[in-house]
Amino acid sequence: MVEEKLLMEKSYYETFLIEQESTVHPIEILGEAFVEEQKNEPYDLTYIRYAQGEVYFHSKDYEAAIFKWESISDELGSWAKKNIADSYYALGMLSAAEDVYTAITTESTVLTMEISLQLFHLYIERDKLKSAYRIIEKALATDPDYPLVAQLAKSFYEEQQDWESAVGLAVKESIRTGERTWFQSLLEYADKGYTSTFTPNYFYDVLITIYESDREIFRNLIESLWQTYREVPSTHIDWVNTANTIFQYVEVEPGERWEAISSQFQQAYLHFLENGYLVKEIEGVMPVLLTNWLKISKQENPLLSASAVMAWNDAFSYSMEPMVVEEAENLLIQGEYPAFNMEETLILLTKIIDWSEKNGAPVSFKTTWIAEQLLDTSQQYLVVAGSESSGKSSFVQSVLGESVGEAEHSTVVYRYHHNQVEVTEIHDRGEGPVESIADFEALMERDAFVEYRLPSDFLQKNGQALIDVQADSRGLKDLASFYPAADGLLYVLNAESPFNAEDRKTLRALTEIGQPVNVHFLLNKMDKIAHAGHSEEIIDSVRSTAREWFPDAEVLPYSSLEAVHLQKRDVEALIKDYYTLHSGELKYERRMKLFYLVRKTLKDLFSKRKNQELGLKDAIEKNKDILVRLNGFHTYLEDMQADKTKGIKDSFRKQKEEMRKEISKKIPEILKGCGELITEDSDFRQIHNELNEAMNDRIQTYVNEDLMPRYMDSLESWLQSSRQELEDGQDYLHEMSTTFNQLFGQDKVVLQCDFQVIDDWRRDVSRMGTRAQVDKENILLKFKPGQFLLKSAGKLFGNIPQNKNLLYTQYKRYVENEDYSETAQSIMNKFFVPFDLFEKSLDQDVQSFFAEPFRQLHLTIADTEREVATDEESLRKMKENPERYFDPIRLFEVKLLQDEYRMKAGKASTRPSY
């Protein structure tokens, strides 16, 4: 059996050179062996020819080598074919070489690997990368220990920038070989971010392997992978779960440095708290994460991890193992830690405020302002409050010793300034300077408070800022905001009626806040008390009552009539004895107050969302009710418009019809009366023309001087009654506008009609009255039998005297007995043409009068429908994922609890008090 190493290296021919002179060429030696073998019976030249082929190959006589190897079969046949393919490869006949390589079948692992490696290089040279991938993967699967095959694959993957394959190879080889070089390669890939495409649990086995072999690389690789997955939110939790599982088996040995990994745990903890995760997404991750974090950090600096464990367990009861909680508490109690930095809690408050802005529940800037004041321990804050009758503002003015501005309805913060007065307005959205008296007075109308900086000996000497809270409902709101954050409260009472109803209401509200504050009382207007002995009784009684509210309260009597400088001493003594805190005490109290302020902010955010939901529900119900009313009113308005139109038209038509009746009666009478114009002396040859002219004149006189003036008077009455009708409609619309605006709570509905219509009617009526003309009628010049005979007779017999009497009688009878209804109808038709057109326009005119109210009503209905739809959508989203709002508040609370534990670390008890 030929050794495969010789075949692989093409050095089998050297076995024929043993014990031969080194100066003799191998071809000559093999030739002699060939001749000698032929002498044997039977002879086998296979091995010699194979060896000759190797010598020819090394001599680059590839054609001769191929000739020799083509005749080889038996056990060397597969190797001979591989060598033939190598020859083709050397000759540059790559296609022929590939055909030969791929045709070889063998059970030899070495030969398979050699063929695979040759094919791999051939495929790369022919740019057949898919085939190169396939063959190198086959080689790795066949014998990954084969010399250089893994390194060859690594180099190939890196050249192709196929980092997924490169990482996969490093992981497999790390687990298989346990060699540090592969660990380092994997670490290098992780540092460059090439591991991000893999699911985190893919690295579980290799991390365990590395942990057991090389802890330094294990820590570095954990850190690198953590940083990578933190940038991929979709897999970050999966990675933390994987890390949690791994670190359950990690044991921290003395002297090992885990700061970098502890930092990764800390960043993951903060990441989950501050980046919008839902509680349900992290509640299974966080307890194990905190347990592992505590384990690896407790030998170095367990303050952050131990406080995080305690905070999470407080916020989510029973989520942590009791032993872990106990260990964390002991670490906090027994350790020595640096003083807590209050700025961190202020940063937390800033994050809460930013979050509230993005989630439609903005926190007032006043809260931020108060928090910033708590960080300033160079001065203390004394709130001064009292009922309206207490004389509290006068007391403040007297102790300040300066003439200062006073905003009657605003809270004022008086602060020392060395040389000038500066006034700043603090409101919900920010702050700004108050430049003028007008601006200062305008503050009284806004929901803001004032920071008043002034040169005051009292403020400078006592290191105090006075917060003067006004006695009204808005002032009580400010008092509730300042009281928990103040270093003390001085409550001013009226000596004549101490603890009146307003006082009791205010004090009850303060005690319900539940935050401890140093409270004392000033009994003002003592000059109103008649007898000194009685004064002592009142002071004792007030002190007794005050201590029912606040057990340590002291009472200071005060009178505005006594010398101010003497009483200032008493006030200053009260401040020094009962309010002034030493630096250490003040810092501790300020921290507690800041924690309270942040917790109250979170509580308010929680309530605000509930109130928003209730507000949306109320708004939806209210607007739906208004919509029903609006639609009903729309129908009523349509009916009212129809009624007004009908009433106005009927009234106009009635006036017109009365005139028509009069004309139909009066015109015939006028025409018949024209018979009186006929006499026996008349010229009967022209009488018909004269009578026709006279009749038209009388008609014009009647129309212009009698009919039209009376008709104009009646139309004026119609205009007045119509205006009244429309004004009544407008009054009703004004009432409905007021009603709907009260329902909406704003001036949203304006139903104003267009009274230009009345002016247009008046103009049109006036125009019709001045332009009314009746064209001349052909009354007696028609071709009617009677008229024809009379006209003919007049022409024939008009000059014969004896015939005039007969013509006179006939003409008179005809004029007085003729039917003039047709003429009257013709006159009416012509006279009423403009009035008929006017009547037809009344429908459109009344519609024009009501057009704007209808338009406004349509807009209001459409706007209200949109508001309902928008509110319903907002409410749906709120109810659909309420945890999107409430969970971040709970997680902010965890961070707040952690800060409290950190602040109290090293004391006998670390449990926060609420």
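Everything that follows concerns the structure shown earlier in this document.
On a predicted model such as this, the values are computed, not experimentally measured, just so you know. (Residues numbered from 1 in each chain as written. Predicted model: local features only at pLDDT ≥ 70, side-chain atom pairs only at ≥ 80, totals over all residues. Heavy atoms only, no water.)

Visitor: Any details on the overall build of the protein? Residues and values, ideally.
Guide: The helix and strand inventory of the protein stands at 36 helices and nine strands. Across the 914 residues of the protein, 49% fall into the buried class. Taking all contacts inside the protein whose residues are at least 6 apart in sequence as the whole, residues at least 24 apart take part in 76%. As displayed, the protein has an accessible area near 44800 Å², and 49% of this comes from carbon and sulfur atoms. (Helix = DSSP H or I, 4+ residues; strand = E, 2+ residues; numbered from the N terminus. Buried < 20%, exposed > 50% of the residue type's maximum accessible area, 1.4 Å probe, protein only. Contact = heavy atoms within 4.5 Å. Areas by Shrake-Rupley, 256 points an atom, 1.4 Å probe, with all protein chains shown as cover.)

Visitor: Tell me what's going on with the pattern of salt bridges, and back it up with residues and numbers.
Guide: One pass over the structure, following the stated rule, counts 51 salt bridges. Here Lys656 makes a salt bridge to Glu839, at a shortest N to O gap of 2.4 Å. In this pair, Lys656 is assigned in helix H29 (residues 583-673) and Glu839 in helix H35 (residues 833-880), connecting sequence segments 183 residues apart. Glu839 carries the same exposure label as Lys656, and that label is buried. One salt-bridge network, in which partners are shared between bridges, spans Lys646, Asp650, Arg653, Lys656 and Glu839. (Salt bridge = Lys/Arg side-chain N within 4 Å of Asp/Glu carboxyl O.)

Visitor: A description of the nonpolar core should follow, citing residues and the corresponding values.
Guide: Phe203, Leu207, Phe218, Leu290 and Trp312 are the most contacted members of the largest nonpolar core, which has 115 residues in total. Element by element, the count of residues in this core is highest for helix H7 (residues 109-125), at eight residues. Counting 62 residues, the second-largest nonpolar core is a separate cluster that includes Phe365, Ala495, Val598 and Leu896. (Core = buried A, V, L, I, M, F, W, Y, C linked by side-chain atoms within 4.5 Å.)

Visitor: Explain the side chain of Arg902 to me, and be specific about the residues and the numbers.
Guide: With respect to the helices, strands and loops of the structure, Arg902 is situated in helix H36 (residues 883-904). On the accessibility criterion, Arg902 (11% relative accessible area) is buried. Once residues within four sequence positions are removed from consideration, Arg902 is found in contact with Leu303, Leu304, Ser307, Phe340, Glu344 and Lys895.

Visitor: An account of helix H13 (residues 215-230) is requested, with residue identities and associated values reported.
Guide: For H13, spanning 16 residues, the distance from its first C-alpha to its last is 22 Å, which sits close to the expected 22 Å at 1.5 Å a residue. If you check which residues of H13 are buried, you get Ile217, Phe218, Arg219, Leu221, Ile222, Ser224, Leu225, Trp226, Thr228, Tyr229 and Arg230. Buried residues along H13 sit against helix H11 (180-191), helix H12 (204-213), helix H14 (233-247) and helix H15 (259-274). (Expected span 1.5 Å × (residues − 1).)

Visitor: Summarise the sheet that holds strand E9 (residues 555-557); cite the residues concerned and give the values.
Guide: The nine strands lie next to each other as E4-E3-E5-E2-E6-E1-E7-E8-E9, forming an open sheet whose pairing is mixed. Every other strand in the sheet has two partners, leaving strand E4 (430-433) and E9 as the edge strands with one partner each. Going from strand to strand, the sheet's axes swing by 25° on average, the running direction of each strand aside. With three bridges joining them, strand E2 (residues 412-416) and strand E6 (residues 464-468) adopt antiparallel strand pairing. Bridged to Val412 within E6 is Asp468. The strands touched by helix H22 (residues 392-400) are strand E1 (380-386), E2, E6, strand E7 (488-494) and strand E8 (519-524); relative to E6, the strand with the most contacts, the crossing angle is about 155°. (Pairing = 2+ DSSP bridges. Axes fitted to C-alpha atoms, helices over the stretch in contact; angles between N-to-C directions.)

Visitor: Go over the pairing of E2 with me, naming the residues and quoting the values.
Guide: Every regular strand shows the same layout, with side chains that alternate between the two sheet faces. Where burial is concerned, most of E2 is hidden: four out of the five residues are buried. Both E2 and strand E5 (residues 449-454) contribute to a ladder of five bridges, which runs parallel. Bridge pairing links Val412 to Val450 in E5.

Visitor: How would you sum up H11? Please name residues and give values.
Guide: Between its terminal C-alpha atoms H11 stretches 16 Å, which fits the 16 Å expected from twelve residues at 1.5 Å a residue. Those residues of H11 that fall on the buried side of the exposure criterion are Trp182, Phe183, Ser185, Leu186, Leu187, Tyr189 and Ala190. Where H11 is buried, its residues meet helix H9 (149-159), helix H10 (163-177), H12 and H13. Among the residues trailing H11, Gly193 stands out with phi positive, at a value near 85°.

Visitor: So what's going on with the packing of H12 against H13? Residues and values would help.
Guide: Following both chains from N to C, one finds H12 and H13 inclined at 145°, their axes separated by 6 Å at the closest point. Contacts between H12 and H13 involve Leu207, Ile210, Tyr211 and Ser213 from the first element and Arg215, Ile217, Phe218, Leu221, Ile222 and Leu225 from the second. A per-class count over the contact of H12 with H13 returns eight nonpolar, one polar and one charged. (Nonpolar A, V, L, I, M, F, W, Y, C, P; charged D, E, K, R; others polar.)

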